[in-house]
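Descriptive structure summary
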Amino acid sequence: MSIASGTRGRHLTRRLVQLYAGLTLYGISSALLVLAGLGLEPWGVLHQGLAERTGLTIGVVSIVVGAVVLLLWIPIRQRPGLGTVSNVFVIGLAMDGTLALVPEIHGLPARIALLALGIVLNGVATGLYIAARFGPGPRDGLMTGLHRLTGRSIRLTRTLIEIAVVTTGFLLGGSVGVGTVLYALSIGPLAQFFLRFFAVPEATAGAAAGDAADTAPEATAGGAPGATPEPGAVDAAVAPASPEGAILRR
């Protein structure tokens, strides 16, 4: 999938809105996890650890890491989409903006509530931007690319990457805690639900086939335009090795 691909077909405006709303919300939700101070998502642990060591903001570190991971796509022959490149910049900017505007939270009950809110919003954000079908984020693409290159399962590839990321981030000073565990246990079901909820339907099989030539495997549904696809139809339309398939199988 090239950067220019995916910008054709039905529901383009809706898909663009979903993409940037999802990426922005992802950055906001990640910032809420930082403010909760009870443990971050795996890549957030790495970003925070690097931020502690470099003196850069966590959002800037997220952008730098995303760009480096995107460079790793070259030897594994992954092709970025609009969503891939946007992911690198939008999430980091949204994180830093949120951290600059939201005051520090005190008190364990408030921090627990903020943690829960951050995890749920992260699931919403994941469903929004992946269902927009403009290409996977750099980190998801690394996972699926290594899966294709090595022949190892998506689950094993994802687990090994995240163990390496969390361990490195923790050694650098990133926050690992109950929030990290809760995120790992809940983000899969949440992302699965919201990916189905925000799936953009196609009017006809022909339209879906034309769009699929340029985009990653996508959720489609028969019937009238605007109809909400059934969960089974979404599952059947998502290739197991795609980022969407990886999330559905978490």
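Everything that follows concerns the structure shown earlier in this document.
Residues numbered from 1 in each chain as written. Predicted model: local features only at pLDDT ≥ 70, side-chain atom pairs only at ≥ 80, totals over all residues. Heavy atoms only, no water.

**A closer look at the overall build of the chain**
Within the chain, the secondary structure is distributed over eleven helices and zero strands. Walking the chain from its N terminus toward its C terminus, one meets helices and strands in the order α-α-α-α-α-α-α-α-α-α-α. Here the chain holds 250 residues, and the buried ones make up 50% of them. Counting only contacts in the chain whose residues sit at least 6 apart along the sequence, the fraction spanning at least 24 positions is 79%. (Helix = DSSP H or I, 4+ residues; strand = E, 2+ residues; numbered from the N terminus. Buried < 20%, exposed > 50% of the residue type's maximum accessible area, 1.4 Å probe, protein only. Contact = heavy atoms within 4.5 Å.)

**Topic: empty space enclosed by the protein**
In this approach, a probe sized like a water molecule rolls over the atoms, and the result shows the empty space that is left. Scanning all chains against the criterion turns up five cavities of 30 Å³ or more. As a volume, the largest cavity reaches approximately 450 Å³. Tyr26, Trp43, Arg139, Asp140 and Tyr183 are the residues nearest the centre of the largest cavity, which is lined by 27 residues in total. Among the elements of the structure, α1 (12-36), α2 (42-54), α4 (82-101), α5 (108-131), α6 (138-150), α7 (154-172) and α8 (178-197) are those that each provide at least two residues to the lining of the largest cavity. (1 Å grid on protein atoms, 1.4 Å probe; cavity = no way out; pocket = protein on both sides within 12 Å on 5 of 7 lines; lining within 4 Å. Points joined across faces, edges and corners; volume = space filled by probe spheres on them.)

**Here we look at the packing of helix α3 (residues 58-71) against α6**
Packing of α3 against α6 leaves a shortest axis separation of 9 Å and a crossing angle of 30°. Taken together, the axes of α3 and α6 lie roughly parallel to each other. Considering only the axes of α3 and α6, their crossing is left-handed. For the pair α3 and α6, the contacting residues are Ser62, Val65, Gly66, Val69 and Leu70 in the first and Pro138, Arg139 and Leu142 in the second. (Axes fitted to C-alpha atoms, helices over the stretch in contact; angles between N-to-C directions. Parallel < 35°, antiparallel > 145°, perpendicular 65-115°, else oblique. Left-handed = near helix turned anticlockwise from the far one by under 90°.)

**Observations concerning the layout of surface pockets**
As a volume, the second largest pocket reaches approximately 220 Å³. Residue lining of the second largest pocket: Pro42, Arg158, Thr159, Glu162, Ile163, Val166, Thr180, Val181 and Ala184, and that is the complete set. Where the lining of the second largest pocket is concerned, the elements lending two or more residues are α7 and α8. Per-class residue counts for the lining of the second largest pocket are five nonpolar, two polar and two charged. (Nonpolar A, V, L, I, M, F, W, Y, C, P; charged D, E, K, R; others polar.)

**Considerations on unusual backbone geometry**
Here arginine 77, not a glycine, exhibits a phi torsion of approximately 60°, which is positive. Structurally, the position occupied by arginine 77 is in the loop between α3 and α4. Of note, the phi angle at arginine 133 is positive, near 65°, even though the residue is not glycine. Residue placement: arginine 133 occurs in the loop between α5 and α6.

**What to know about α8**
End to end, α8 covers 28 Å across 20 residues, agreeing with the expected 28 Å (1.5 Å per residue, within 8%). Where α8 bends most, at serine 186, the angle is about 40°, and the proline proline 189 comes one to four residues later. Looking at α8, one finds that the buried residues are Gly179, Thr180, Tyr183, Ile187, Gly188, Leu190, Ala191, Phe194 and Leu195. (Expected span 1.5 Å × (residues − 1). Bend = angle between axes of the 7 residues up to and from the residue.)

Worth remembering: the numbers are spatial, not functional.
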